[in-house]
Amino acid sequence: MAEAPLEEEEREILSPPADLRKKVRVLSKREAKNFDPVKAAEQALERLSGKFDGWMSNEANELTDAYDTIRAEGLNKANLETLYQAVHNMKGQALTLGYPLVGSVASSFCRLLEHVPGPEKLPLSLVEQYVEAIRAMVAEGARDTDNPTGAALADRLSEVTEDYLAQFPSKAEDEELMIG
């Protein structure tokens, strides 16, 4: 028995608006031999480093705005997602922007948001402490553990979070977490 021919599917070919290969200068063999990509990346970071404080301040403002929305409107899924996204961004960018202490606090904050069993169990007083700690660390330039007050605050927030989460049974890996 002969099979029916497959109907031809409609296809659309998308072309990128710009060929990025035309934007890259090809190095000569001599230039390529002397090119150090790590050194070039470090130089690029050095050129951008003057903007890091401003970028981190913007991230802290987004976090504060997300928390202010929760205070004004209450805790709902959309507001919680916005808060999580703000703190998650800080966690990911803090080390690069020169704020490893803020990254540590943001990591602990993310852990709280990811592992609390539900929005109704999220202690808003602890959320506020995290937001205020991060805001203050960025405003005061508390970058790393050389700042004893910032380091002690980071440690204490982590301890309180772990103590709070310990009261809830662990979730199975295949269960959906509140966030993430």
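What you see is a predicted model; the values in this text were computed from it and never measured. (Residues numbered from 1 in each chain as written. Predicted model: local features only at pLDDT ≥ 70, side-chain atom pairs only at ≥ 80, totals over all residues. Heavy atoms only, no water.)

(A) Broad picture of the pattern of salt bridges. Scanning the entire structure with this criterion turns up four salt bridges. The residue Asp-53 makes a salt bridge to Arg-143 at a minimum N-O spacing of 2.3 Å. Taken together, the positions of Asp-53 in helix α3 (residues 52-73) and Arg-143 in the loop between α6 (124-140) and α7 (148-165) put the pair 90 residues apart, joining distant regions of the chain. Glu-132 is the salt-bridge partner of Arg-135, the closest N and O atoms lying 3.0 Å from each other. One end of the pair, Arg-135, and the other, Glu-132, are both in helix α6, three residues apart, so they sit about a helical turn from each other. In this structure Glu-132 comes out as partly exposed when scored by relative accessible area, which is 33%. (Salt bridge = Lys/Arg side-chain N within 4 Å of Asp/Glu carboxyl O. Helix = DSSP H or I, 4+ residues; strand = E, 2+ residues; numbered from the N terminus. Buried < 20%, exposed > 50% of the residue type's maximum accessible area, 1.4 Å probe, protein only.)

(B) Layout of the confidence of the model for the protein chain. Mean pLDDT for the protein chain: 85, with 88% of residues reaching 70 or above. The model gives residues 172-176 a pLDDT under 50, and that stretch makes one contact with residues more than four places away or in other chains. (pLDDT = per-residue confidence, 0-100. Contact = heavy atoms within 4.5 Å.)

(C) The arrangement of the nonpolar core in detail. Leu-63, Leu-83, Met-90, Val-102, Phe-109 and Ile-134 are the most contacted members of the largest nonpolar core, which totals 39 residues. Looking at this core, the elements with two or more residues in it are α3, α4 (77-93), α5 (100-115), α6 and α7. With residues up to four places along the chain from it excluded, the contact list for Ile-134 reads Leu-63, Val-87, Met-90, Val-102, Val-105, Ala-106 and Phe-109. (Core = buried A, V, L, I, M, F, W, Y, C linked by side-chain atoms within 4.5 Å.)

(D) Quick peek at the side chain of Thr-64. Structurally, Thr-64 is set in helix α3. Excluding residues within four positions of it along the chain, Thr-64 makes contact with Val-131 and Arg-135.

(E) Inspection of α4 at higher detail. Between its terminal C-alpha atoms α4 stretches 24 Å, which fits the 24 Å expected from 17 residues at 1.5 Å a residue. Buried within α4 we find Asn-79, Leu-80, Leu-83, Tyr-84, Ala-86, Val-87 and Met-90. Summarising the axial view, the buried residues of α4 lie within an arc of 160°, below the 170-degree limit, and thus occupy one face. Along α4, exposed side chains directed more than 90 degrees from the buried face belong to Lys-77 and Gly-92. Contacts made by the buried residues of α4 are with α3, α5 and α6. (Expected span 1.5 Å × (residues − 1). Arc of directions from axis to C-beta.)

(F) Looking closely at the packing of α3 against α6. Contact pair α3 / α6: the axes reach a minimum separation of 9 Å and the direction vectors enclose 155°. Considered as vectors, α3 and α6 are oriented roughly antiparallel to each other. Here α3 and α6 pass one another in a crossing that is left-handed. In this structure, α3 contributes Met-56, Ser-57, Ala-60, Leu-63, Thr-64, Tyr-67, Ile-70 and Arg-71 to the contact, and α6 contributes Leu-124, Val-127, Glu-128, Val-131, Ile-134, Arg-135 and Val-138. Taken together, the residues of the contact of α3 with α6 sort by class into ten nonpolar, two polar and three charged. (Axes fitted to C-alpha atoms, helices over the stretch in contact; angles between N-to-C directions. Parallel < 35°, antiparallel > 145°, perpendicular 65-115°, else oblique. Left-handed = near helix turned anticlockwise from the far one by under 90°. Nonpolar A, V, L, I, M, F, W, Y, C, P; charged D, E, K, R; others polar.)

(G) Layout of the packing of aromatic side chains. Evaluated as defined, the whole model comprises two aromatic pairs. For the pair Phe-109 and Tyr-130, a centre-to-centre distance of 4.6 Å together with 5° between the ring planes defines the contact as stacked. Remark: Tyr-130 occurs in helix α6 and Phe-109 occurs in helix α5; sequence separation between them is 21 residues. Accessibility expressed as a relative area gives 0% for Phe-109, which makes it buried. (Phe/Tyr/Trp six-rings, centres within 6.5 Å; stacked < 30°, edge-to-face > 60°.)

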